[in-house]
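# An overview of the molecular structure
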Amino acid sequence: MYIHRLDSDCLVIHGISEFLGELLLQVTRCVDTGHPAVEKRMLSSPTAGLDPEWEADWREYVQPDLRQMFQTSREVVDADLEGFPGGPSVEPFTLRIPLDHLEAWVHSLNQARLSLAARHGFEERDLEGGVSFEGDARDLALTQIHFYGILQESFLQHLESAS
Amino acid sequence: MAEILLEPETRIDEATATPWNVVVHNDPINLMTYVTRVFQKVFGYSRERAEKHMLEVHNEGRSVVWSGARETAEVYVQHLHGHLLLATLEKTQ
């Protein structure tokens, strides 16, 4: 798989295998906002629990906007993935992403990585080791986190070079 | 000695006038390049300054990324949460 800038408006991911294509489709689906650990991480405390009154205001007035912002990013990604991989075509697949959607992709990939890590309780040492995929949900989540991290790094480089 | 009673508004003004720190805490999931970019975007920091704070977060677990008026600090914390960084507001010592 490789990523390159097609023109001034578009980025293309070439050579996507069926497995990686499925992981791409999971970018927004794996953000489990209903899971308590995910909710706690994505909507973290602004005072580390030291000011309950202010935190109550934060929950009431700020967090709805944050939720909406997160949702909006995921909707952009969902729109780009609509129809992907498309038809009965054979591997490898290709995905085009408009450059002005890259910020939403970076944000959604971050949501996905944080959500997976919170849900499976990953810590730093879990991320430092290699991935030994044995087929369970935890291994798959770790694979997703690493894959999404590679995409995020690449997209950030393209954003940097575009600015 | 006569007790000096402050009007509620005065008390609030004094509280908000105290400098506050915006602190970012380490998170092993967020990429270093991502955190650097967020600091550049939210605070308008140069790449060098953003990387300095990012490395401080990474190596020391936290970095005071901005200090000043509480209302502005709250806005910054909100922006940082919008980018999914672990940010808190602390009154300066």
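Residues numbered from 1 in each chain as written. Chains lettered and ligands numbered in written order. Predicted model: local features only at pLDDT ≥ 70, side-chain atom pairs only at ≥ 80, totals over all residues. Heavy atoms only, no water.

### Describing the pairing of strand β1 (residues 20-25) of chain B
Residues and elements named next belong to chain B. For β1, the buried fraction is high: five of the six residues fall into the buried class. In terms of strand pairing, β1 meets strand β2 (residues 62-68) through six bridges, oriented antiparallel. From the neighbouring strand, His-25 faces β2, where its bridge partner is Arg-62. (Buried < 20%, exposed > 50% of the residue type's maximum accessible area, 1.4 Å probe, protein only. Helix = DSSP H or I, 4+ residues; strand = E, 2+ residues; numbered from the N terminus. Pairing = 2+ DSSP bridges.)

### Quick look at the nonpolar core
Nonpolar side chains in soluble globular proteins tend to end up buried together. Counting residues in hydrophobic clusters, the biggest one holds 70 residues, and the most contacted among them are Trp-105 and Phe-155 of chain A together with Phe-39 and Leu-80 of chain B. Residues in contact with Phe-39 of chain B, not counting those within four places in the same chain, are Val-24, Gly-44, Tyr-45, Ala-50, His-53, Met-54, Val-57, Val-65, Leu-80 and Leu-85 of chain B. (Core = buried A, V, L, I, M, F, W, Y, C linked by side-chain atoms within 4.5 Å. Contact = heavy atoms within 4.5 Å.)

### A short note on the packing of aromatic side chains
Counted by the stated rule, this structure contains eight aromatic pairs over all chains. When the centroid spacing of 6.0 Å and the interplanar angle of 85 degrees are considered together, the rings of Trp-105 of chain A and Phe-155 of chain A count as edge-to-face. Here Trp-105 of chain A is found in helix α4 (residues 102-120), whereas its partner Phe-155 of chain A is found in helix α6 (residues 137-162), with 50 residues between them in sequence. Among the residues examined, Trp-105 of chain A registers a relative accessible area of 0% and is labelled buried. Centre to centre, the rings of Phe-39 of chain B and Phe-43 of chain B are 6.4 Å apart; their planes meet at 55 degrees, and the pair counts as tilted. One end of the pair, Phe-39 of chain B, and the other, Phe-43 of chain B, are both in helix α2 (residues 32-43), four residues apart, so they sit about a helical turn from each other. An identical accessibility class is assigned to Phe-39 of chain B and Phe-43 of chain B; each is buried. Members of the aromatic cluster, joined through ring pairs, are Phe-39, Phe-43, Tyr-45, Trp-66 and Tyr-76 of chain B. (Phe/Tyr/Trp six-rings, centres within 6.5 Å; stacked < 30°, edge-to-face > 60°.)

### Quick notes on the interface of chain B and chain A
At the junction of the two partners, chain B supplies 25 residues and chain A supplies 31 residues. Together, the buried faces of chain B and chain A total about 2400 Å²; carbon and sulfur atoms form 58% of this surface. Inspection of the region where chain B meets chain A yields four salt bridges. Counting residues per element, the side of chain B that touches chain A draws most heavily on helix α4 (residues 70-82) of chain B, at six residues. The residue makeup of the side of chain B that touches chain A, split by class, is ten nonpolar, nine polar and six charged. (Buried area = accessible area lost by both parts, 1.4 Å probe. Salt bridge = Lys/Arg side-chain N within 4 Å of Asp/Glu carboxyl O. Nonpolar A, V, L, I, M, F, W, Y, C, P; charged D, E, K, R; others polar.)

### A closer look at the confidence of the model for chain B
Residue and element names in this part refer to chain B. Averaged over chain B, the pLDDT score is 87; the fraction of residues at 70 or greater is 82%. Every residue in residues 1-6 scores below 50 in pLDDT, and together they form two contacts with partners more than four places removed in sequence or on other chains. Across residues 8-13 the pLDDT falls below 50, and counting only partners more than four positions away or on other chains, this stretch makes one contact in the model. Among the scores for the predicted complex, ipTM is 0.91 and pTM is 0.89. (pLDDT = per-residue confidence, 0-100.)

### Observations regarding the sheet that holds β1 of chain B
Consider a sheet: its strands pair through backbone hydrogen bonds, and that pairing is either parallel or antiparallel. All names here are of chain B. In spatial order, the strands read β2-β1-β3; together these three strands make up an open sheet with antiparallel pairing. Unpaired on one side and paired on the other, β2 and β3 (86-91) mark the two borders of the sheet. Going across the sheet, the axis of each strand differs from the next one's by a mean of 25 degrees, ignoring polarity. Across six bridges, the pairing between β1 and β3 is antiparallel. Within the sheet, the bridge partner assigned to Trp-20 lies in β3 and is Lys-91. Sitting on the sheet, helix α3 (residues 47-60) is in contact with β1 and β2, with an inclination near 135 degrees to β2. (Axes fitted to C-alpha atoms, helices over the stretch in contact; angles between N-to-C directions.)

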